[in-house]
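Observations on the model geometry
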Amino acid sequence: MDNVLGVLNLGDFAQAFSKMGMFPVFDLAYYIVSILYLKYEPGSVEVSRRSPVASWLCAMLYCFGSYILADVMLGSSPLDYFQHNSHILLASAVWYLVFYCPLNLFYKCVAFLPVKLVLVALKEVVRTRKIAAGVHHAHHAYHHGFFIMVIVGYVKGSGVALISNFEQLLRGVWRPDTNEILNMSFPTKASLYGAILFTLQEAQWLPVSKSTLIVVFTLFMATSKVVMTARHSHGSPFTLIESWTCHLLFGSPLAGSEEDHHHAAAAAAPSSPLKTKEEQGEGVRKRKAKKAE
Amino acid sequence: MDNVLGVLNLGDFAQAFSKMGMFPVFDLAYYIVSILYLKYEPGSVEVSRRSPVASWLCAMLYCFGSYILADVMLGSSPLDYFQHNSHILLASAVWYLVFYCPLNLFYKCVAFLPVKLVLVALKEVVRTRKIAAGVHHAHHAYHHGFFIMVIVGYVKGSGVALISNFEQLLRGVWRPDTNEILNMSFPTKASLYGAILFTLQEAQWLPVSKSTLIVVFTLFMATSKVVMTARHSHGSPFTLIESWTCHLLFGSPLAGSEEDHHHAAAAAAPSSPLKTKEEQGEGVRKRKAKKAE
Amino acid sequence: MDNVLGVLNLGDFAQAFSKMGMFPVFDLAYYIVSILYLKYEPGSVEVSRRSPVASWLCAMLYCFGSYILADVMLGSSPLDYFQHNSHILLASAVWYLVFYCPLNLFYKCVAFLPVKLVLVALKEVVRTRKIAAGVHHAHHAYHHGFFIMVIVGYVKGSGVALISNFEQLLRGVWRPDTNEILNMSFPTKASLYGAILFTLQEAQWLPVSKSTLIVVFTLFMATSKVVMTARHSHGSPFTLIESWTCHLLFGSPLAGSEEDHHHAAAAAAPSSPLKTKEEQGEGVRKRKAKKAE
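The present account deals with the structure reproduced in this document. (Residues numbered from 1 in each chain as written. Chains lettered and ligands numbered in written order. Predicted model: local features only at pLDDT ≥ 70, side-chain atom pairs only at ≥ 80, totals over all residues. Heavy atoms only, no water.)

Thoughts on the relation of the copies chain C and chain A
- Least-squares fitting of chain C to chain A yields an RMSD of 0.0 Å, with the transformation described by 0.0 Å of translation along the axis and a rotation of 120 degrees. Taken together, the rotation and translation describe the operation of a three-fold axis. Closest to the rotation axis within chain C is the C-alpha of C:Gly75, separated from it by 3.8 Å.
- Residue by residue, only 9% of the interface of chain C is reproduced at the interface of chain A, so the copies engage with different surfaces. (Least-squares fit on C-alpha atoms with pLDDT ≥ 70 in both. Contact = heavy atoms within 4.5 Å.)

Brief notes about the side chain of C:Thr229
Residue and element names in this part refer to chain C.
- Mapped onto the secondary structure, Thr 229 falls in helix α12 (residues 210-230).
- Thr 229 gets classed as buried once you look at its relative accessible area, which sits at 10%.
- At a separation of 2.6 Å, a polar atom in the side chain of Thr 229 contacts the main-chain carbonyl oxygen of Lys 225.
- Beyond its immediate sequence surroundings of up to four residues, Thr 229 is in contact with Leu 113, Lys 116, Leu 117 and Val 120. (Helix = DSSP H or I, 4+ residues; strand = E, 2+ residues; numbered from the N terminus. Buried < 20%, exposed > 50% of the residue type's maximum accessible area, 1.4 Å probe, protein only. Polar contact = N/O pair within 3.5 Å; in protein donor to acceptor, adjacent residues only side chain to side chain.)

Quick notes on the packing of aromatic side chains
- Under the defined criterion, the tally for this structure stands at 74 aromatic pairs over all chains.
- Residues B:Trp56 and C:Phe147 carry aromatic rings whose centres are separated by 6.2 Å and whose planes lie at 20 degrees to one another, so their mutual orientation is stacked. In this pair, B:Trp56 sits in helix α5 (residues 52-73) while C:Phe147 sits in helix α9 (residues 146-158), so the two residues belong to two different chains.
- Residue B:Trp56 is classed as buried on the basis of its relative accessible area of 16%.
- Judged by centre distance (6.5 Å) and plane angle (80 degrees), the ring pair of C:Tyr40 and C:Tyr107 falls under edge-to-face. Of this pair, C:Tyr40 sits in helix α3 (residues 25-40) while C:Tyr107 sits in helix α7 (residues 105-111); the two residues are 67 residues apart in sequence, bridging distant segments of the chain.
- Its guanidinium or amino end placed over the ring of A:Tyr30, A:Lys123 lies 5.1 Å from that ring's centre, counting from NZ or CZ. (Phe/Tyr/Trp six-rings, centres within 6.5 Å; stacked < 30°, edge-to-face > 60°. Lys NZ or Arg CZ within 6 Å of the ring centre and 35° of its normal.)

Considerations on the state of the cysteines
- Applying the stated criterion across every chain, the model contains zero disulfides over all chains.
- Free of any disulfide, A:Cys58 has its nearest neighbouring cysteine sulfur in A:Cys63, separated by 11 Å.
- This cysteine, B:Cys109, is not joined by any disulfide, and B:Cys101 carries the nearest cysteine sulfur, 8.0 Å off.
- Of the residues examined, B:Cys109 reaches a relative accessible area of 45% and is grouped as partly exposed. (Disulfide = S-S within 2.5 Å.)

Here's the deal with the side chain of B:Ser224
- Structurally, the position occupied by B:Ser224 is in helix α12 (residues 210-230).
- In contact with B:Ser224, other than residues within four places in its own chain, are B:Phe186 and B:Pro237.

A closer look at unusual backbone geometry
- Cis rather than trans, the peptide bond between A:Phe23 and A:Pro24 has omega equal to 5 degrees.
- Checked against the element boundaries, A:Pro24 lands in the loop between α2 (11-19) and α3 (25-40).
- Positive phi, close to 65 degrees, is recorded for B:Leu103, a residue that is not glycine.
- In the Ramachandran plot, C:His232 falls in the positive-phi region, its phi being about 50 degrees despite a non-glycine side chain.
- Here C:His232 lies in the loop between α12 and α13 (239-250).
- Take C:His232: its relative accessible area is 63%, and that puts it in the exposed class.

Printed below as a string of structure tokens:
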């Protein structure tokens, strides 16, 4: 692979790309998209009116959840990243603009699809770099701790999604029926596979340089997420391979076969009826709350 | 401010006051008031009969929750404070006397209003010192981590309140609809403001000496809490300023204006219907449990 | 006690026994029994089909929960034990065989009562060693932290049971009404008493050598658990002493007395109606899920 890139004279580009600073442009895109997703969560706007402190804490978890979790996993202070005052101030400014900007102007600008697609692509650049940094950091602490490298890289890539139950609890919402590990979304799955790839690279079992892997994985993530965001899709490019692998290894029902079709369709979205039910419950609760107001 | 105190010859007093040891008198008052509040919690007496270990753990969380949380936040062992055997033994003795003293004598003594008011005042002395110590400790670990200082000071002042959901879970109670950050009580809010003040002082942006700040903040907290305890009030001296600030900054409905009055009244206590409902549920559960006995 | 053993020439045996390596035979038995218990949990097989990652994580918590918790308690990285790749791989292999072995062969072999009794006995050998190691490790970190020693030893012996609420949450199950501290099972109670004994020994308040204590406690645990497993009993040899001690110290209703009999019977199993109700709820949910398939 390095040879192909060498012929195309892309090796230098990969080097430069993998050394490029993330602050402030890419980090800003990361904060904006993350806090946008927070605003999409049902009830988060009410929380921002009632308790700005809770809303700010949730926004910080959305922006820095991956650092907090990775620090916890490696036994450091969970607040370690909060020493970077400029990052926190930037994320706080984004949070303020997304939730409290007059006429909702900022939100409308960044949620405008073409703008959002660019921001989403930039966010995936940060995610890939975080996974690589997480694996490298864990490698530094535990030279042969391959499981630790995968877990830390995974956690660095997935961030708040892995603790979404507790992030929701902070906003007064509790959905124990499901969690991100039970029903992995595309970014979480991709982070897991990415963490495995970067661990293999770090252990020198993958004949690719790290900068090349960063470029390739970034391109894959950015393309996938941009396409999925543009299509409002929640599918995943891994579905076919996963379906077969899980069928062979873990006896999961096969999504492709004729007979199992209905079965598989039900199994592929097992929590959706529960979730819908919960969301209804949530809706009822909100309606009640509105009535109370 | 220091000049005024200097004229009144209070500088020395402030110095002496801010160096005064807290163990055992003030700490004892802290433990008594904390465990008294635990006994007020519905269901805690039943738990103390059924599972003394769970009850003891809850009592320890009430007494040392602030140390545990602050140690977790700074990446130390959460059990670090438990090396002070005399403190743990004292708190355990208080727990035993409050819950199991024959004829409920100890409880009746310390819950007697005049005694309780003195203890509450002493407890606030400890709280202020904890906030100052927390900010100082965080400053020592992260010289320019102003957010970390505020968070550690806040956590040191609020203690178990911030993890009340999990403390309740230990007693078999689960109330996900609300938490201390979503509906801050007066001591939690005051701890946050105190932590901000002490951080400003530590960063030398506040032209006041630390000992003076400790004296002034202690006086404010002790007076407020004593008055509120005497009146059985749950109001807060901050309501007016907060209402205006939140209205201007975060678009929260204004409590004072005519038009919004009903709206605001409902918004100011948004969780109360839910809470009441839950407490009813709790009540039903308790009645059922009693019937079962 | 040492004298008696000396006369019987058992001192050398105790020394050898307490130095014996646990990996791989004893650890293998520990993993098999732990993951067997995970498979007994309602819903865990469905989770293993739907989300192998969640199932694997639960299995790791069952096998290494005690290390994770003890590391958290002492402020180390919770992933610290995961640097032992061979242990993780062995436990993963056991997990795979228990859940996905064709014809359920492995499960049927190890769940066959005579085999299971041997494995259960071996597991208790590991548990005792873990308690002793936990107390020793805490003693090393805090020389006079007797409470810390007891807590770390307790946590090392009880493992995943203490965080069962959160382990269940990972599988989409939430039972806040009960937890292991509120309703201690026999192994958890025995771990607590064992941790107290080993702490007394470490503080040299118990006139017994550590190796002797390990042998005696192992014998007690293995015998008790084997008898209880053979009889499918959930009783505890401590019931009588506990009942009297709790009655005298904590005013708990006495299980033995005539008058209190009905009262005590209800109080001794206070959560059972709730639990049953929950299990019914669980059953309903599972039936619904099956219908959906």
